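Next come the chains, spelled out residue by residue.
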Amino acid sequence: MSDEDIVNNNLTALVVDDSPMIRKLHEMHLKKFGLKVQVAENGKNAVDLFRCGASFNLILMDKEMPIMDGAEATKELRIMGVTSMIVGVTSLDSIFERQAFMEAGLDHCFTKPLTSENIIFLLQELNNKNNEEN
């Protein structure tokens, strides 16, 4: 499947990361594939967006952030009934740390920064999920 086959103008994404550079990089990657992207600099901001009625197909969630970390934000979103695909992005290599992050309610977890291959995989997963629901 080529990059052009995966472009989807109907999907939305939220990039949650305290690093402005990573936020921008992930935002640019996602926009390249046609997603509408919003950013948040910590987990609390992400949770607040959902509390105000926002929704996204995909959430890229950093693990280590000030105010509310990614695991805590993911748990809170799942408790709120959020069914978006939540993907952890972390610089941590520890299997134990990744497993703890996954147990918070992630669908997938990748090392940051995400690559085009990671994003293509996620978009294929989202397209499959959307096709199953329709």
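Residues numbered from 1 in each chain as written. Predicted model: local features only at pLDDT ≥ 70, side-chain atom pairs only at ≥ 80, totals over all residues. Heavy atoms only, no water.

### Notes on the sheet that holds strand β3 (residues 58–62)
As a reminder of what qualifies: By definition, two strands form a pair when at least two bridges between them are found by DSSP. Secondary structure elements follow DSSP: runs of H or I no shorter than four residues count as helices, runs of E no shorter than two count as strands, and numbering proceeds from the N terminus. All axes are obtained by fitting lines to C-alpha atoms, using only the stretch in contact for helices, and the reported angles, taken between N-to-C directions, cover 0 to 180 degrees. It only takes one pair of heavy atoms within 4.5 Å for two residues to be counted as in contact.
In space, the five strands of this open sheet follow the order β2-β1-β3-β4-β5, with parallel pairing throughout. Two strands close off the open sheet at either side, each with one partner strand: β2 (36–40) and β5 (108–111). Within this sheet the neighbouring strands show an average axis-to-axis angle of 20 degrees, counted without direction. Along the sheet face, helix α2 (residues 20–32) touches β1 (12–16), β2, β3 and β4 (85–90) and points at about 165 degrees away from the line of β2. Helix-sheet contacts for helix α5 (residues 95–103) involve β3, β4 and β5, and the interaxial angle to β5 is about 145 degrees.

### Focus on the environment of cysteine 109
Heads up, the rule is: Note on exposure labels: buried denotes an accessible area under 20% of the residue type's maximum, exposed denotes more than 50%, and partly exposed covers the range between, all computed with a 1.4 Å probe on protein chains only.
Residue placement: cysteine 109 occurs in strand β5. Residue classification places cysteine 109 among the buried residues on the basis of a relative accessible area of 17%. Along the sequence, cysteine 109 and methionine 80 sit 29 residues apart, while their C-alpha atoms lie 21 Å from each other.

### Let's talk about the packing of aromatic side chains
For clarity, the cut-off: In this scheme Phe, Tyr and Trp rings, the latter by its six-membered ring, pair at centre separations within 6.5 Å, and the angle between planes marks the pair as stacked below 30 degrees, edge-to-face above 60, and tilted otherwise.
A complete count under the given rule lists two aromatic pairs for this structure. Both rings, one in phenylalanine 50 and one in phenylalanine 56, keep their centres 5.7 Å apart while their planes meet at 65 degrees; by these two values the pair is edge-to-face. A relative accessible area of 11% places phenylalanine 50 in the buried class. Classification of phenylalanine 56 by relative accessible area gives buried; the value is 8%.

### Some thoughts on the packing of helix α3 (residues 43–51) against helix α4 (residues 70–79)
How we decide: Any angle that is under 35 degrees is reported as roughly parallel, and any over 145 degrees as roughly antiparallel; angles of 65 to 115 degrees are reported as roughly perpendicular and all others as oblique. Handedness of a helix crossing follows the sense of rotation of the near helix relative to the far helix, less than a right angle counterclockwise being left-handed and clockwise being right-handed. Think of it as three bins: nonpolar holds Ala, Val, Leu, Ile, Met, Phe, Trp, Tyr, Cys and Pro, charged holds Asp, Glu, Lys and Arg, and polar takes everything else, Gly as well.
Taken N-terminus to C-terminus, the directions of α3 and α4 make an angle of 15 degrees; their axes are 8 Å apart at the nearest point. Classified by the angle between their axes, α3 and α4 sit roughly parallel to one another. Regarding α3 and α4, the two cross each other, and that crossing is right-handed. Between α3 and α4, the contacting residues are Gly43, Val47, Phe50 and Arg51 on the first element and Ala73, Glu76 and Leu77 on the second. Looking at the contact of α3 with α4 residue by residue, the class counts come to four nonpolar, one polar and two charged.

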